[in-house]
Amino acid sequence: WFGWFGFNAGSELAADGVAASAFMVTNTSAATAALVWMFCEWMVTGKPTVLGIASGVVAGLVAITPAAGFVNFPASLIIGLVSGALGYFFVAVVKHKVGYDDSLDAFGVHGMCGIWGALATGLFANPAITEGAAGLFYGNPGQLWTQFVSIVATAAYTAVGTLIVIYITKALTGGLRVDGDEEIQGLDNAFHGERGFEIT
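Sequence positions are assigned chain by chain, starting from 1 and proceeding in written order. For this predicted model, a pLDDT threshold of at least 70 governs which residues receive local features, and a threshold of 80 or more governs which side-chain atom pairs are given and counted, while totals over whole chains, interfaces and linings are taken from all residues. Side-chain numbers come from the whole structure's heavy atoms, not from hydrogens or water.

A. Region of interest: the overall build of the protein. Helix and strand content of the protein: eight helices and zero strands. For the C-alpha atoms alone, the extent of the protein along its principal axes is close to 55 × 40 × 35 Å. Counting every position in the protein, which comprises 200 residues, the buried fraction comes to 34%. Residues are treated as being in contact if the distance between any of their heavy atoms lies within 4.5 Å. A sequence separation of at least 24 residues applies to 58% of the contacts in the protein between residues at least 6 apart. Here the protein displays about 12000 Å² of accessible surface, and carbon together with sulfur accounts for 69% of that area. We score Asp and Glu as negative and Lys and Arg as positive, and we do not count His or the chain ends. For the purpose of locating charges, the reference atoms are NZ of Lys, CZ of Arg, CG of Asp and CD of Glu. One finds the centroid of the 6 positive side-chain charges in the protein at a distance of 11 Å from the centroid of its 14 negative side-chain charges. What counts as a helix is a DSSP run of H or I of at least four residues, what counts as a strand is a run of E of at least two, and both are numbered from the N terminus. Burial status follows relative accessibility: with a 1.4 Å probe on protein chains alone, a residue under 20% of its type maximum counts as buried, one over 50% as exposed, and anything between as partly exposed. Surface accessibility follows the Shrake-Rupley procedure with a 1.4 Å probe radius. Residue values consider only the protein chains on display as shielding.

This is how it looks when you write it as structure tokens:
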């Protein structure tokens with residue numbers, strides 16, 4: 001969380017109002033998403049978890065990143081609120097219904113919340129934060145279309161790149177999965193002879 005301030009606010013490459021705003025909205029989105037994820041989990045399972053709160057933080061950080069230099073405080077609350085609920089829904093519901101293999105929940109937290117953040121930039125970009133940047137709610141519907149096109153182009157590019165890596169990996173290793181025993185044992189131990197700390 002702390003490091004993300006350098007990523008979002010530091011991208012301004014100056015100690016100015018835009019950097020300060022990016023710092024504030026980054027914190028706001030992360031905190032809001034953490035609380036929303038926690039409350040979603042609490043309502044559904046009957047108890048919040050630290051892992052859920054941490055996942056909510058990351059969901060809020062991911063979502064605010066494309067928008068950090070362009071949106072104001074109220075928009076960051078909305079971005080955090082949606083990303084907390086969206087991330088939880090994709091991790092706790094969609095993943096289990098569809099059955100895709102995502103041990104780190106990268107698609108639900110990074111993929112979906114990143115898409116939301118990119119679209120939110122097209123909605124909430126505020127010319128009072130960064131001159132010349134305006135989203136749909138500030139009279140520029142074209143920015144939302146630009147964000148949408150960039151999402152589709154990025155998805156296509158990464159899909160093709162991923163398929164290339166998959167086929168190369170499959171050709172060099174003979175497969176993409178380890179056997180069941182190695183999976184249970186853990187890849188660090190099975191392939192590298194490394195074991196985690198054991199508490200006795």
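B. Spatial organisation of a nonpolar patch on the surface. Taken together, the side chains of W145, F148, V149 and V152 present a nonpolar region at the surface, about 400 Å² in accessible area. When you line up the elements, V152 lands in helix α6 (residues 141–173). The exposure class of V152 is partly exposed, given its relative accessible area of 44%. In this scheme, patches are assembled from residues that exceed 30% relative accessible area and form no salt bridge. Like charges are connected within 9 Å, while nonpolar side chains (Val, Leu, Ile, Met, Phe, Trp, Tyr) are connected within 5 Å. Each reported salt bridge corresponds to a side-chain nitrogen of Lys or Arg within 4 Å of a carboxyl oxygen of Asp or Glu.

C. Fine view of the side chain of T121. Turning to its location among the elements, T121 is positioned in helix α5 (residues 106–124). Residue T121 is classed as buried on the basis of its relative accessible area of 5%.

D. Expanded view of the packing of helix α4 (residues 73–98) against α5. Interhelical geometry of α4 versus α5 gives an angle of 150° and a closest axis separation of 9 Å. By the angle between their axes, α4 is roughly antiparallel relative to α5. Classified by chirality, the crossing of α5 by α4 is right-handed. Side by side, α4 and α5 meet where A75, I78, I79, V82, S83, L86, G87, F90 and V91 of the first sit next to F107, G108, V109, M112, C113, W116, A120 and F124 of the second. Three categories are distinguished: nonpolar for Ala, Val, Leu, Ile, Met, Phe, Trp, Tyr, Cys and Pro, charged for Asp, Glu, Lys and Arg, and polar for the others, with Gly belonging to the last. Residues that form the contact of α4 with α5 fall into these classes: 14 nonpolar, three polar and no charged. Axes here refer to lines fitted to C-alpha atoms; in helices the fit is confined to the stretch in contact. Angles between the N-to-C directions go from 0 to 180 degrees. These descriptions rest on fixed angle ranges, namely under 35 degrees for roughly parallel, over 145 for roughly antiparallel, 65 to 115 for roughly perpendicular, and the rest for oblique. The handedness criterion is simple: a crossing whose near helix is rotated anticlockwise from the far helix by less than a right angle is left-handed, and one whose near helix is rotated clockwise is right-handed.

E. Structural detail: helix α3 (residues 50–64). The terminal C-alpha atoms of α3 lie 21 Å apart, and with 15 residues this matches the ideal 21 Å at 1.5 Å per residue to within 8%. Of all the residues in α3, the buried ones are G52, S55, G56, V57, A59, G60, L61, V62, A63 and I64. Structurally, α3 contributes buried residues whose contacts are with α1 (2–8), α2 (17–45), α4 and α5. A helix is expected to span 1.5 Å for every residue after the first.

F. Here's a closer look at the nonpolar core. We define a nonpolar core as any set of buried Ala, Val, Leu, Ile, Met, Phe, Trp, Tyr and Cys residues linked to one another through side-chain atoms lying within 4.5 Å. Counting residues in each nonpolar core, the largest one holds 23 residues, and the members touching the most others are W37, I64, V71, I79, W116 and F124. Mapped onto this core, the elements with two or more residues apiece are α2, α3, α4 and α5. Of all the elements, α5 adds the most residues to this core, at six residues. If we ignore the near neighbours within four places in the chain, the residues touching V71 are S21, V25, I64, I79, F124, A125 and I129.

G. Main features of the pattern of salt bridges. One pass over the full model with this rule turns up two salt bridges. Between D105 and K95 there is a salt bridge whose closest N-O contact spans 2.8 Å. Placement of the pair is D105 in the loop between α4 and α5 and K95 in helix α4, with a sequence separation of ten residues. For the pair shown, D105 and K95 are each scored as buried.

H. Layout of the packing of aromatic side chains. We call Phe, Tyr and Trp rings a pair once their centres come within 6.5 Å, taking the six-membered ring for Trp, and we label the pair stacked below 30 degrees between planes, edge-to-face above 60, and tilted otherwise. Under the counting rule described, the total for this entry stands at ten aromatic pairs. Ring geometry for F39 and W42: centres 5.9 Å apart, planes at 5°, overall stacked. Note that F39 and W42 are positioned in helix α2 at a spacing of three residues, about one turn of the helix. Seen from their ring centres, F90 and F107 are 6.0 Å apart, and the 75° between their planes marks the pair as edge-to-face. Separated by 17 residues along the polypeptide, F90 in helix α4 and F107 in helix α5 bring together distant segments of the chain. Classification of F90 by relative accessible area gives buried; the value is 15%. Exposure remark for F107: the relative accessible area of 40% places this residue in the partly exposed category. Within the aromatic cluster, the residues linked to one another by ring pairs are F89, F90, Y100 and F107.

This is a description of form; function is not addressed.
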